Amino acid sequence: DVCSSDLRIFAGRDVTERILLERSLAERSADFEAIFEEAPRAMVVINETGIIMRANAAARLTFQWPGDLTGETLGVLLHGLPVEAHEQFLRHYLQHGTPATDEGLVIGRSREVRARRHDGTPFSALLTVAELPTQAAGRRFLGIVLDLTERRSEEHTSELQSQSTISYAVFCLK
């Protein structure tokens, strides 16, 4: 009897490749998380409207931010221009693919900027901005910030020592 109750039909699909792909993606994501959080330089990810999506531990330390920066506007970290100006630079880049001015948003190169700590204290920083590839809605940007305070202090000390040596040499010649 062909219509026996013992007859069973199974349909299957080999999902091995999908499972391996998901594992690989999870590993890459974990690698990125570790690199991002443990990086010695301040790293901040913003969305296309200038809202901070995430910041690493070095960013919180560099900007002396007491809590999470997520949800803050980029303008709270930069000194000298109003928040609206930063937002305008970003909008211009998104619409035209170029900076609004030479002083505007810089994608793909480093430039010295004035940054601001949580207490409002300004400091010199080297900022590098890159657009992050994403398949999610909207665009994202990564800012890497190097605090130049120590470097500026060392340069100033070296300059003072140089001037002191020159003054001593002039004094000895007289």
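All figures in this text were calculated on a predicted structure; none of them were measured in a lab.

Draft legend 1. Structural detail: the nonpolar core. V44, A59, F63, L69 and L77 are the most contacted members of the largest nonpolar core, which has 21 residues in total. Listing elements by their share of this core, those giving two or more residues are β1 (42-47), β2 (52-55), α3 (83-96), β3 (110-116), β4 (122-132) and β5 (140-147). Of the residues forming this core, the biggest block, 4 residues, is contributed by β4. What L77 contacts, discounting residues up to four positions off in sequence, is V44, I52, F63, W65, L69, A115 and R116. One finds A39, M43, V45 and L142 within the second-largest nonpolar core, a separate group that totals 5 residues.

Draft legend 2. Examining the pairing of β5 more closely. Relative to β5, β1 runs antiparallel, the two sharing 6 bridges. In the strand pairing of β5, V45 is matched with L142. Two elements, β4 and β5, share 8 bridges in a ladder whose sense is antiparallel. Bridging across to β5, A130 finds its partner in L142.

Draft legend 3. How the structure looks around the side chain of S124. Looking at where S124 falls in the secondary structure, it is placed in strand β4. Overall, the relative accessible area of 13% leaves S124 in the buried class. One polar contact links S124 to R114, side chain to side chain, over a distance of 3.0 Å.

Draft legend 4. Representation of the packing of aromatic side chains within the structure. Taken as a whole and assessed by the stated rule, the structure comprises 2 aromatic pairs. When the ring centre of F36 is taken as reference, the NZ or CZ atom of R54 above it lies at 4.4 Å. The lysine or arginine in question, R117, covers the ring of F123, its NZ or CZ lying 3.9 Å from the ring centre.

Draft legend 5. Just the side chain of N47, in detail. Looking at the secondary structure, you find N47 in strand β1. The buried category is assigned to N47, whose relative accessible area is 18%. If we ignore the near neighbours within four places in the chain, the residues touching N47 are M53, L90, R139, R140 and F141.

Draft legend 6. Representation of the sheet that holds β5 within the structure. Read from one edge of the open sheet, 5 strands run β2-β1-β5-β4-β3, paired in antiparallel fashion. Two strands bound the open sheet, and with one partner strand each, they are β2 and β3. On average, each strand axis in the sheet is tilted by 35 degrees relative to the strand beside it, whichever way the strands run. Lying over the sheet, helix α1 (residues 16-38) contacts β1, β2 and β5, oriented at roughly 80 degrees with respect to β2.

Draft legend 7. The arrangement of the confidence of the model for the chain in detail. Averaged over all residues, the pLDDT of the chain equals 81, while 76% of them reach at least 70. Averaged pLDDT values for the elements of the chain fall to 58 in helix α4 (residues 149-173) and rise to 96 in helix α2 (residues 57-62).

How each quantity is defined
- Note on numbering: residues in each chain are counted from 1, in written sequence order.
- Owing to the predicted nature of the model, reporting of local features is limited to residues with pLDDT of at least 70; listing and counting of side-chain atom pairs is limited to 80 or more, with chain, interface and lining totals taken over all residues.
- Only hydrogens and water are set aside; all other atoms, that is, all heavy atoms of the structure, feed into the side-chain values.
- Residue types Ala, Val, Leu, Ile, Met, Phe, Trp, Tyr and Cys, when buried and joined through side-chain atoms within 4.5 Å, form a set referred to as a nonpolar core.
- Working definition: with a 1.4 Å probe on protein chains only, accessible area under 20% of the residue-type maximum means buried, over 50% means exposed, and in between means partly exposed.
- Counting from the N terminus, the helices are the DSSP runs of H or I reaching at least four residues and the strands are the DSSP runs of E reaching at least two.
- What makes two residues a contact is simply this: any of their non-hydrogen atoms within 4.5 Å.
- When DSSP finds two or more bridges between a pair of strands, those strands are recorded as paired.
- For the purposes of these results, a polar contact is taken to be a pair of N or O atoms within 3.5 Å, where, inside protein, one atom must be able to donate a hydrogen and its partner to accept one; residues adjacent in sequence count only when each atom of the pair is a side-chain atom.
- Ring geometry is summarised as follows: Phe, Tyr and Trp rings, the Trp one being its six-membered ring, pair when their centres sit within 6.5 Å, and such pairs are stacked at plane angles under 30 degrees, edge-to-face over 60 and tilted between the two.
- Note on geometry: a ring has a charge over it if NZ (lysine) or CZ (arginine) is within 6 Å of the ring centre and within 35 degrees of the ring normal.
- For helices, the fitted line uses only the C-alpha atoms of the stretch in contact; every axis is such a line through C-alpha atoms, and the angle between N-to-C directions lies from 0 to 180 degrees.
- Per residue, pLDDT measures the predictor's confidence, with a range of 0 to 100.

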